[in-house]
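# Structural description and commentary
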Amino acid sequence: MTNGKPAMHGLYEEVAATAGVYQPLLVPPAGTRRVDAVRLLVAACTTRVAITAAIHQPVDGTPRFTLIRDPSVSDGAPGIGDYTAIAASLKDNHGWRVLESGDPSLPVTVMLGLREGYGKQAAVHDAAEVRALLGFYGATGVYVSEVHLMCARHLDDQVRVYDEPGVLIVGGEPIVPAATGTAARLRQRRFVVTDRDQNRTYALRHR
């Protein structure tokens, strides 16, 4: 216990990491249906490059996607060149906009799922719980965006797509311990941190 609060940082360990940060915001043309936009992202998945994205709440009916480089113990992480090529293809061939995401004063992004485990019937938490727990663990100057997370990867000669409700937590370097405590309280197996100041992306997994 620290100041009456349980210490959570030791519950997770870094299991995979990659140098560099590339986290663009992709915006399809106005009126694009979410299912059609997701289909294009899934089609970009190859045997070498998995696609992970946070799907934001629609603006004027159009979904927006933040690409996340999710490091894997077995498969590594998508290369920045791979992701820039995918973004360029969506822009040139389908009219998507590719925007820079992130604020230099808020260099850390935590991608956190909200479903306990991977079963479709598992308990699902919400963004309000995340905000309350981040405050409990002392995080300040933090922004929480409610999103839907998707990951497409090749498994057994076919593309498998996993999705779940989630959040993007954005702030400065000190938010990681609070995010770790929050992940533990919500019984999350793993989460991903993008740190622009350290210029790297890494995955933390529950011990």
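Coordinates for the structure precede this section.
Here we summarise the structure given alongside this text. (Residues numbered from 1 in each chain as written. Predicted model: local features only at pLDDT ≥ 70, side-chain atom pairs only at ≥ 80, totals over all residues. Heavy atoms only, no water.)

### Remarks on the side chain of Thr 18
Within the secondary structure layout, Thr 18 lies in strand S1 (residues 12-19). Residue Thr 18 is classed as buried on the basis of its relative accessible area, which comes to 18%. Polar contacts involving the side chain of Thr 18 include one to the side chain of Arg 69, which spans 3.0 Å. Not counting the four nearest positions on each side in its chain, Thr 18 is found in contact with Arg 69, Pro 71, Ala 77, Arg 200 and Thr 201. (Helix = DSSP H or I, 4+ residues; strand = E, 2+ residues; numbered from the N terminus. Buried < 20%, exposed > 50% of the residue type's maximum accessible area, 1.4 Å probe, protein only. Polar contact = N/O pair within 3.5 Å; in protein donor to acceptor, adjacent residues only side chain to side chain. Contact = heavy atoms within 4.5 Å.)

### Thoughts on the pattern of salt bridges
For the structure shown, the criterion picks out nine salt bridges. As a salt-bridge pair, Lys 120 and Asp 163 come within 3.6 Å of each other at their nearest N and O atoms. Residue Lys 120 is located in the loop between strand S6 (108-113) and helix H3 (127-136), and its partner Asp 163 is located in strand S8 (residues 158-171); the two are separated by 43 residues in the primary sequence. For Lys 120, a relative accessible area of 53% corresponds to the exposed category. (Salt bridge = Lys/Arg side-chain N within 4 Å of Asp/Glu carboxyl O.)

### Comments concerning the pairing of S8
Pairing analysis gives six bridges linking S6 to S8, with the strands arranged antiparallel. Note on S8: the bridge partner recorded for Val 110 is Ile 169. With antiparallel pairing between neighbouring strands as the criterion, strand S7 (residues 143-155) and S8 make up a hairpin whose turn holds two residues, including Asp 156 at a positive phi of roughly 55 degrees. (Pairing = 2+ DSSP bridges.)

### Focus: helix H4 (residues 175-185)
Counting buried positions over the eleven residues of H4 gives nine, a clear majority of the element. Taken residue by residue, H4 has Ile 175, Val 176, Ala 178, Ala 179, Thr 180, Gly 181, Thr 182, Ala 183 and Ala 184 as its buried positions.

### Notes on the nonpolar core
Nonpolar side chains tend toward joint burial in soluble globular proteins. Val 110, Val 130, Val 167, Ile 169, Phe 191 and Val 193 are the most contacted members of the largest nonpolar core, which totals 25 residues. Where this core is concerned, the elements lending two or more residues are S6, H3, S8, H4, strand S9 (190-195) and strand S10 (200-206). Sorting elements by how many residues they give to this core places H4 first, with six residues. In contact with Val 193, not counting residues within four places along its chain, are Val 108, Thr 109, Val 110, Val 176, Arg 200, Thr 201, Tyr 202 and Leu 204. The next biggest cluster of nonpolar side chains, apart from the first, holds 21 residues, and it includes Tyr 22, Leu 26, Leu 41 and Ile 51. (Core = buried A, V, L, I, M, F, W, Y, C linked by side-chain atoms within 4.5 Å.)

### Here's the deal with the packing of H3 against H4
Between H3 and H4, the shortest axis-to-axis distance is 9 Å and the interhelical angle comes to 130 degrees. Taken together, the axis directions place H3 and H4 in an arrangement best described as oblique. Here the hand of the crossing between H3 and H4 comes out right-handed. Touching Val 130, Leu 133, Leu 134 and Phe 136 of H3 are Ala 178, Ala 179, Thr 182 and Arg 185, all from H4. For the contact of H3 with H4, the per-class residue count stands at six nonpolar, one polar and one charged. (Axes fitted to C-alpha atoms, helices over the stretch in contact; angles between N-to-C directions. Parallel < 35°, antiparallel > 145°, perpendicular 65-115°, else oblique. Left-handed = near helix turned anticlockwise from the far one by under 90°. Nonpolar A, V, L, I, M, F, W, Y, C, P; charged D, E, K, R; others polar.)

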